[in-house]
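Examination of the molecular architecture
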Amino acid sequence: MTAGTSEATPEERRTLPGYVLTPRQGELARLQRLRGRARLEPAEAELLAAAHDTVPPDAHDEASEALRLLTRPLSRDLEIPEYYRYTCMHVYGWFLDRFPDDPVAGALLALHTTLTDLAAVEHAAWLQDPGLEGGDERIKRLDETVVRVRGAVLDPVLGVRVGDLVDRAAVDPELGRRTALLAECTRFPRSDKHQENVFLRTVQACENLFFLIRRLSVETAAARDAFPARAAVRLDLAGDCADLLNDVFHVLLTLTPEGFMTFRDYTGAASAVQSLNYHAMEISVYGYDPRKTEVFDSVPHLVVLNDPEVRDHLPLSAALADTGDERLREGWHRLDRSLAKWRGGHYRFARTYLPSDTPASGGTDGAAYVKRFVKKDACVAGADPFGGLPLLSGFLYR
């Protein structure tokens with residue numbers, strides 16, 4: 001069968017390495033990437049919306065699944081916050097649903113897939129234009145970060161690393177299909193500016209890391225007393241993820257403020273203030289911040305974070321406050337330092353990359369908003385280790 005001549009059957013697709021979209025789906029993907037989603041013509045946007053909204057909800061074949069993943073952000077029927085229309089978190093949610101017993105491994109594989117896809121785009125761009133601003137340094141930082149992801153230890157007893165999971169996906173047809181589909185259905189910037197690929201992919205990588213740190217924090221707190229050795233292992237991995245958060249941010253900083261502003265307006269109201277994974281991570285690690293009550297109330301899908309059971313959650317900081325286990329104590333200080341470094345970097349980015357006369361997305365006051373939450377001394381620890389679960393342990397998106 002030749003691509004473009006007819007629709008491939010599932011059996012035919014499995015014989016074609018990396019081929020995860022039908023020819024029609026490939027055209028729909030190219031249409032969204034041609035000028036960027038924000039610059040679609042009304043008729044094009046309507047075509048993509050209809051492609052999603054007319055798929056029967058009970059259709060679960062591979063073609064229907066892929067079509068829904070490709071076009072959900074253009075749906076007219078679904079109420080989707082702008083941040084989630086932009087970041088395609090529904091695809092990551094779909095991917096992690098395939099790892100019900102080990103979502104941490106799934107999220108690390110998703111992280112690797114996202115970063116290697118960006119690296120491939122950057123390498124191709126560099127070959128076409130060796131003078132691309134920041135390109136050589138970006139590729140260097142990306143390659144180093146991917147190596148660190150591969151080296152992250154999932155099981156220290158068996159010596160299993162993320163790289164082993166990646167290698168397994170390369171020879172497992174079904175797992176390979178899922179990772180390829182994840183990359184294909186999340187590569188949709190809103191503009192045709194090359195720099196936006198870097199921004200979008202780093203935001204997506206950070207969302208996976210927010211989830212990982214939160215999930216591992218919940219697991220650490222739960223295992224602290226009965227299984228301290230396991231708690232220490234999960235806390236070590238949370239520290240690795242926090243370090244990776246800073247590595248990913250280091251990649252983002254290869255953009256110049258001028259390069260950032262070439263696409264920034266196209267992102268519209270897609271503000272990271274809307275991120276469920278980020279706010280939930282902070283609650284799981286530090287506790288509820290009453291200064292955010294009004295913020296959560298102002299964003300419909302964040303209101304759930306004001307629920308009493310969420311506010312009463314026992315965060316990791318409190319769970320480890322009186323630990324006598326040296327490894328847990330050191331692991332907590334490492335995690336806290338890395339997250340503080342990331343928050344400080346985020347503030348400096350907002351201050352440097354957003355001109356003072358530029359309105360911030362999400363209805364905030366930009367760098368000043370970020371600065372207010374750099375320190376975590378206003379957070380209030382709840383007393384219930386099960387408070388807000390399973391909300392605080394799952395991957396969150398709308």
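Our subject is the structure listed above.
Residues numbered from 1 in each chain as written. Predicted model: local features only at pLDDT ≥ 70, side-chain atom pairs only at ≥ 80, totals over all residues. Heavy atoms only, no water.

Points about the environment of R24
Among the structural elements, R24 can be located in helix α2 (residues 23-34). Spatially, the C-alpha atom of R24 lies 22 Å from that of S191, the residues being 167 residues apart in sequence. (Helix = DSSP H or I, 4+ residues; strand = E, 2+ residues; numbered from the N terminus.)

Focus: the environment of A38
Tracing the sequence through the fold places A38 in the loop between α2 and α3 (42-53). Through-space distance from the C-alpha of A38 to that of D192 is 9.5 Å; in sequence the pair is 154 residues apart. When residues no more than four places from it in sequence are discounted, the contact partners of A38 are R190 and Y266. (Contact = heavy atoms within 4.5 Å.)

Thoughts on the pattern of salt bridges
Side-chain pairing between opposite charges can occur once the charged atoms of the two side chains come close. In the structure shown here, the tally under the stated rule is 32 salt bridges. The salt bridge partner of E184 is R187, with a shortest N-O separation of 3.9 Å. Across the salt bridge formed by R234 and E219, the nearest N and O atoms sit 2.7 Å from each other. With R234 in helix α12 (residues 228-252) and E219 in helix α11 (residues 194-223), this pair connects stretches of sequence that are 15 residues apart. Overall, R234 belongs to the buried group, its relative accessible area being 8%. Sharing partners across several salt bridges, the network here consists of E62, E65, R98, E174, R177 and R178. (Salt bridge = Lys/Arg side-chain N within 4 Å of Asp/Glu carboxyl O. Buried < 20%, exposed > 50% of the residue type's maximum accessible area, 1.4 Å probe, protein only.)

A word on the packing of helix α6 (residues 89-97) against helix α10 (residues 173-184)
When two helices pack together, their arrangement is given by the angle between the helix axes and by the axis-to-axis distance. Where α6 contacts α10, the axes come no closer than 9 Å and their chain directions differ by 170 degrees. As far as their axial angle goes, α10 and α6 are roughly antiparallel. Taken together, the residues of α10 that come into contact with α6 (itself represented by V91, Y92, W94 and F95) are R178, T179, L181 and L182. Each residue belonging to the contact of α6 with α10 can be placed in one class, and the counts come to 6 nonpolar, 1 polar and 1 charged. (Axes fitted to C-alpha atoms, helices over the stretch in contact; angles between N-to-C directions. Parallel < 35°, antiparallel > 145°, perpendicular 65-115°, else oblique. Nonpolar A, V, L, I, M, F, W, Y, C, P; charged D, E, K, R; others polar.)

As for the nonpolar core
The biggest cluster of nonpolar side chains holds 99 residues, and the ones touching the most others in it are L108, I213, L335 and L339. Judged by nonpolar contacts, the second largest core, of 10 residues, contains L40, A51, V55 and L74. (Core = buried A, V, L, I, M, F, W, Y, C linked by side-chain atoms within 4.5 Å.)

Description of the side chain of D289
Within the fold, D289 resides in the loop between α14 (276-286) and α15 (293-298). When neighbours within four sequence positions are excluded, D289 is seen to be in contact with F373, A378 and C379.

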